[in-house]
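Here's the letter readout for the chains.
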Amino acid sequence: MGDIVLKDVNKVYPGGIRAVSDFNLEIKDKEFMVIVGPSGCGKSTVLRMIAGLEEVTSGELYINGELVNQVLPKERDIAMVFQNYALYPHMTVYKNLAFALTLRKVPKDEIDRKVRETARILELEEVLDRKPKALSGGQKQRVALGRAMVRDPQAFLLDEPLSNLDAKLRASTRTEIIKLHNKLETTFVYVTHDQVEAMTMADRIVVMKDGYIHQVGNPQDLYEAPYNMFVAGFIGTPQMNFIPTRLKKDDTVYYLEIDESKIIISEERFSRDVLDSYLGKELVLGVRPEDIVEVLDHEERLDTLKAQVEVCEHMGSEIIVYIDYKGQNIIAKFDSDRKTSMKPNDEIRITFKPNRIHLFDKESEISLLANKANMEKEESY
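Here the structure is a predicted model, which means the values were calculated and not measured.

Caption draft 1: Region of interest: the overall build of the protein chain. If you tally the helices and strands in the protein chain, you get ten helices and 20 strands. If you line up the protein chain on its principal axes, its C-alpha atoms span 80 × 50 × 40 Å. Within the span of the protein chain, comprising 381 residues, buried residues form 49% of the whole. Taking all contacts inside the protein chain whose residues are at least 6 apart in sequence as the whole, residues at least 24 apart take part in 67%. Per element, the accessible surface of the protein chain, about 19,200 Å² overall, is 47% carbon and sulfur. In the protein chain, the 52 positive side-chain charges and the 63 negative ones have mean positions that sit 7 Å from each other.

Written out as structure tokens, the structure is:
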């Protein structure tokens, strides 16, 4: 078992510097949980509190049902992997892997068995006699993982373990860590600032900002139904576009007014009660680059924005287009099989997939979809 529960956890440093506030999270046994957020949001502090490397200022931290606030790190049966690998440079890979077991006075034959089994799983058998300086970045990272594995801990804590690797190696090592999690069937808590890592690796994701949790959910939930503008802008590549708008109603049809354009709202997506409460008010329209549609020249439509192409990035299977709409920057993603070429300064007409748009309260920045969900929950009581 390796479940981890944090209840009303706070971390305040001397001088009143608050790093983590009102943190509540239940990490299930064998789950791959990723904590993601910008630098300084408190995600590494949470990890270090779980490991026992930082004291909990207030609140309760449970591992396997046991309150561990006052339990020493070495007694928590948790292994931590750091971004700088933390390998002993004067020791061979074999001795690095064996070090923790040697300290515990584990019999030599058992140490040898565990080290060689770990080396086999991580494909390190050929480098057991080498020292860290003779290893590649990916090999060093696997040795760091191996040092944690030989202890057979209840949970692995990984603090930005791929940040020192190049892009290609990061992608392949991501896959190796996922396979390792599946093989070991142990709880993984993984911290990163890279939302691509979070989306591709996690069972569930915790999105943090300024010490607070903004949303917890599986990757698809966070992508499809972000709770607020911060989560919406943080999850997805390129990030979501945000455009000022106003909600209006024409007879029975709800629409967004952007200058002279009218974007029809899907009532299946937003409830009438929520929409009625925002009639005439300013909102923020959120649309992902892949949900922007190019309108052909011969099409006469009221939901079209006329804009200008600034930059085109040809990515092979797709084109990322940076557009200027009256000073508003918009990023669109189109298939590369577009019939005619696109170049800077071209005029372009765009609209949005109506069943894919997001709307946010201008003041609170909370999604109207979240407001709809809250209303439905209240009605069910």
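Caption draft 2: Representation of the packing of helix α2 (residues 93-103) against helix α4 (residues 137-149) in the model. Relative orientation of the contacting elements α2 and α4 amounts to 30°, with a least axis distance of 7 Å. Taken together, the axes of α2 and α4 are roughly parallel relative to one another. Note that α2 runs across α4; the crossing there is right-handed. Facing Val93, Asn96 and Leu97 of α2, the residues of α4 in contact are Val143, Gly146 and Arg147. Classifying every residue of the contact of α2 with α4 gives three nonpolar, two polar and one charged.

Caption draft 3: Seen up close, the packing of aromatic side chains. By the definition in use, this model includes six aromatic pairs. Their ring planes at 55° and their centres at 4.7 Å tell us that Tyr88 and Phe99 sit as a pair that is tilted. A residue pair is termed long-range when its members are at least 10 positions apart, and Tyr88 in the loop between β6 (78-81) and α2 and Phe99 in helix α2 qualify at eleven residues. Given the relative accessible area of 26%, Phe99 is considered partly exposed. Each residue in the set Phe32, Phe156, Phe188 and Tyr190 is aromatic and connected to the rest through ring pairs, giving one cluster.

Caption draft 4: The sheet that holds strand β5 (residues 66-67), seen in detail. Judged by pairing direction, the sheet is antiparallel, and its four strands sit side by side in the order β2-β1-β4-β5 without closing on themselves. Two strands lie at the open edges of the sheet, namely β2 (17-27) and β5, each paired on one side alone. Strands in contact with helix α1 (residues 43-51) are β1 (4-13), β2 and β4 (58-63); relative to β1, the strand with the most contacts, it is inclined by about 115°.

Caption draft 5: Spatial organisation of the pairing of strand β13 (residues 261-264). Burial of the side chains of β13 is restricted to one face: Ser261 and Ile263 are buried, whereas none of Lys262 and Ile264 on the reverse face is. In the sheet, strand β12 (residues 253-258) pairs with β13 via four bridges, with the strands oriented antiparallel. What sits directly across from Tyr255, in β13, is Ile264.

Caption draft 6: Looking closely at the sheet that holds β13. Spatially, the five strands line up as an open sheet ordered β13-β12-β11-β14-β20, and their pairing is antiparallel. Among the strands making up the open sheet, the edge pair consists of β13 and β20 (358-361). Across the sheet, the axes of successive neighbouring strands diverge by a mean angle of 45°, strand direction being ignored. Direction of pairing for strand β14 (residues 282-287) relative to β20: antiparallel, over a ladder of four bridges. Its bridge partner being in β20, Gly286 is matched across the sheet by His358.

Caption draft 7: Looking closely at the pattern of salt bridges. Within this structure, the stated rule accounts for 18 salt bridges. Between Glu54 and Arg48 there is a salt bridge, with its nearest N and O atoms 3.5 Å apart. What makes Glu54 buried here is its relative accessible area of 19%. Residues Arg116 and Asp112 are paired through a salt bridge, measuring 3.0 Å at the closest nitrogen-oxygen approach. Placement of the pair is Arg116 and Asp112 together in helix α3 (residues 108-121), with a separation of four residues, close to one helical turn.

Calculation notes
- Residues numbered from 1 in each chain as written.
- Predicted model: local features only at pLDDT ≥ 70, side-chain atom pairs only at ≥ 80, totals over all residues.
- Heavy atoms only, no water.
- Helix = DSSP H or I, 4+ residues; strand = E, 2+ residues; numbered from the N terminus.
- Buried < 20%, exposed > 50% of the residue type's maximum accessible area, 1.4 Å probe, protein only.
- Contact = heavy atoms within 4.5 Å.
- Areas by Shrake-Rupley, 256 points an atom, 1.4 Å probe, with all protein chains shown as cover.
- Lys, Arg positive; Asp, Glu negative; His and termini not counted.
- Charge placed at Lys NZ, Arg CZ, Asp CG, Glu CD.
- Axes fitted to C-alpha atoms, helices over the stretch in contact; angles between N-to-C directions.
- Parallel < 35°, antiparallel > 145°, perpendicular 65-115°, else oblique.
- Left-handed = near helix turned anticlockwise from the far one by under 90°.
- Nonpolar A, V, L, I, M, F, W, Y, C, P; charged D, E, K, R; others polar.
- Phe/Tyr/Trp six-rings, centres within 6.5 Å; stacked < 30°, edge-to-face > 60°.
- Pairing = 2+ DSSP bridges.
- Salt bridge = Lys/Arg side-chain N within 4 Å of Asp/Glu carboxyl O.

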